[in-house]
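One-letter residues, chain by chain:
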Amino acid sequence: MHPVTWSAPEDARGGTHLLVMLHGYGSDESALTPLFPHLPEGITGAALRGPFDVGGRSGWFLLDPMLESDEADVLAAGSSLLSTVSELKQQGNFSGVSLLGFSQGMAMAVTALRLRPEEFTCVVGLSGFVVRSELLAMAEPLARPVPFFWGRDRADWVIHADAVAEAERWLEANTLLTARTYPDMGHRIGPDEMRDVGIFLRAFALSTEKNKAPY
């Protein structure tokens, strides 16, 4: 199981919606814990640490400067993430589960969604990309489009134009997409973006909770 930092103590998680939070390449879960205070009431954040060593920090799979990766490594990382999500669900009486990923964490969130689309209520992808997978593409477009929030800065130099175009094509074909851009934000998570993420989570993670059975 991936190391995890929770936004709330165990006795306060019951009945809440679980938001699994995935950091970027060469980072760790501490990069996402500052977002905990911005999560809407009723959502419990679980910030995970990726298992791949990146010079003493962490990632989810090996990534080159052009955001290319080995498909087998990505699928293995996605399967491992799903196992951790299942374990987290067993630790609390959660009403549902969604994903939030930044940069490479968005690629992981999308991979998990592609592997098990029925598992997640909604997904938030921030300043990230979508990994190419011929194997997963064979079962797409997804039968049930999941609400997806995609936030970024158009001038983000880390996510190159081809990766942005590929992500846009996949998201438009497979999700109920809400796309927002934030000038001058750079490759980070900005306050205006988090405001919009909160609105999105209230609309799509929390508004349907009364109609869903607890895990």
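Residues numbered from 1 in each chain as written. Predicted model: local features only at pLDDT ≥ 70, side-chain atom pairs only at ≥ 80, totals over all residues. Heavy atoms only, no water.

Engineer: Help me understand the overall build of the protein, please; the structure alone is not making it clear to me.
Structural biologist: Broken down by element type, the protein carries five helices and nine strands. Reading the protein from its N end, one meets helices and strands in the order β-β-β-β-β-α-β-α-β-α-β-α-β-α. Computed over its C-alpha atoms, the radius of gyration of the protein comes to 16 Å, within 12% of the 17 Å expected for a compact globule of 215 residues. Dimensions of the protein along its principal axes, counting C-alpha atoms only, are 45 × 35 × 35 Å. Across the 215 residues of the protein, 54% fall into the buried class. The long-range fraction of contacts in the protein, counting pairs at least 24 apart against all pairs at least 6 apart in sequence, stands at 80%. Of the roughly 9700 Å² of accessible surface on the protein, a fraction of 53% belongs to carbon and sulfur atoms. (Helix = DSSP H or I, 4+ residues; strand = E, 2+ residues; numbered from the N terminus. Rg over C-alpha atoms; globule rule 2.2 N^0.38 Å. Buried < 20%, exposed > 50% of the residue type's maximum accessible area, 1.4 Å probe, protein only. Contact = heavy atoms within 4.5 Å. Areas by Shrake-Rupley, 256 points an atom, 1.4 Å probe, with all protein chains shown as cover.)

Engineer: When you look at helix H4 (residues 161–174) in this model, what are you seeing that I'm missing?
Structural biologist: Think of an α-helix as turning once every 3.6 residues; residues three or four places apart then point the same way. Taking 1.5 Å per residue, 14 residues should reach 20 Å; H4 reaches 20 Å between its end C-alpha atoms and fits that length. Three or more residues of H4 are buried, namely Ala163, Val164, Ala167, Trp170, Leu171 and Asn174. Summarising the axial view, the buried residues of H4 lie within an arc of 135°, below the 170-degree limit, and thus occupy one face. Counted as exposed and oriented over 90 degrees from the buried face of H4: Ala161, Asp162, Arg169 and Glu172. Against helix H2 (104–115), strand E8 (146–152) and strand E9 (175–181) lie the buried residues of H4. (Expected span 1.5 Å × (residues − 1). Arc of directions from axis to C-beta.)

Engineer: Would you take a moment to explain the sheet that holds strand E1 (residues 4–6) for this structure?
Structural biologist: Neighbouring strands of a sheet are bound in pairs by backbone hydrogen bonds; such pairs are parallel or else antiparallel. The seven strands are arranged E1-E3-E2-E6-E7-E8-E9 in an open sheet whose pairing can be described as mixed. A single partner strand is all that each edge strand has here, and the edge strands are E1 and E9. Along the sheet, successive strands turn relative to each other by an average axial angle of 20°, direction set aside. Note: E8 against E9, seven bridges, orientation parallel. Within E9, the residue paired with Val146 across the bridge is Thr175. Sheet strands in contact with helix H5 (residues 191–206) are strand E2 (17–22), strand E3 (43–48), strand E6 (96–102), strand E7 (123–126), E8 and E9, and its direction is about 180° off that of E8. (Pairing = 2+ DSSP bridges. Axes fitted to C-alpha atoms, helices over the stretch in contact; angles between N-to-C directions.)

Engineer: Quick question: what am I supposed to make of the packing of helix H1 (residues 71–90) against H2 here?
Structural biologist: Two numbers describe a pair of packed helices, the interaxial angle and the distance between the axes. Across the interface, H1 lies against H2 with an axial gap of 9 Å and an inter-helix angle of 75°. Relative to H2, the element H1 is oriented roughly perpendicular. Two secondary-structure elements touch here, H1 through Val74, Leu75, Ala77, Gly78, Ser79, Leu81 and Leu82 and H2 through Met108, Thr111, Ala112 and Leu115. Along the lines of polarity and charge, the residues of the contact of H1 with H2 split into eight nonpolar, three polar and no charged. (Parallel < 35°, antiparallel > 145°, perpendicular 65-115°, else oblique. Nonpolar A, V, L, I, M, F, W, Y, C, P; charged D, E, K, R; others polar.)

Engineer: Can you help me understand H2 in this one?
Structural biologist: Its 12 residues place the ends of H2 17 Å apart at the C-alpha level, agreeing with the 16 Å of an ideal helix rising 1.5 Å per residue. Counting buried positions along H2 gives 11 out of 12 residues, so the element sits mostly inside the fold. Taken together, the buried positions of H2 are Gln104, Gly105, Met106, Ala107, Met108, Ala109, Val110, Thr111, Ala112, Leu113 and Arg114.

Engineer: I tried to follow the environment of Glu119 on my own but got confused; where do I start?
Structural biologist: Relative to the helices and strands, Glu119 is located in the loop between H2 and E7. With a relative accessible area of 9%, Glu119 lands in the buried category. As a C-alpha pair, Glu119 and Ser86 span 33 residues in sequence and 9.6 Å in three-dimensional space. Side-chain polar atoms of Glu119 contact the side chain of Lys89, separated by 2.7 Å. (Polar contact = N/O pair within 3.5 Å; in protein donor to acceptor, adjacent residues only side chain to side chain.)

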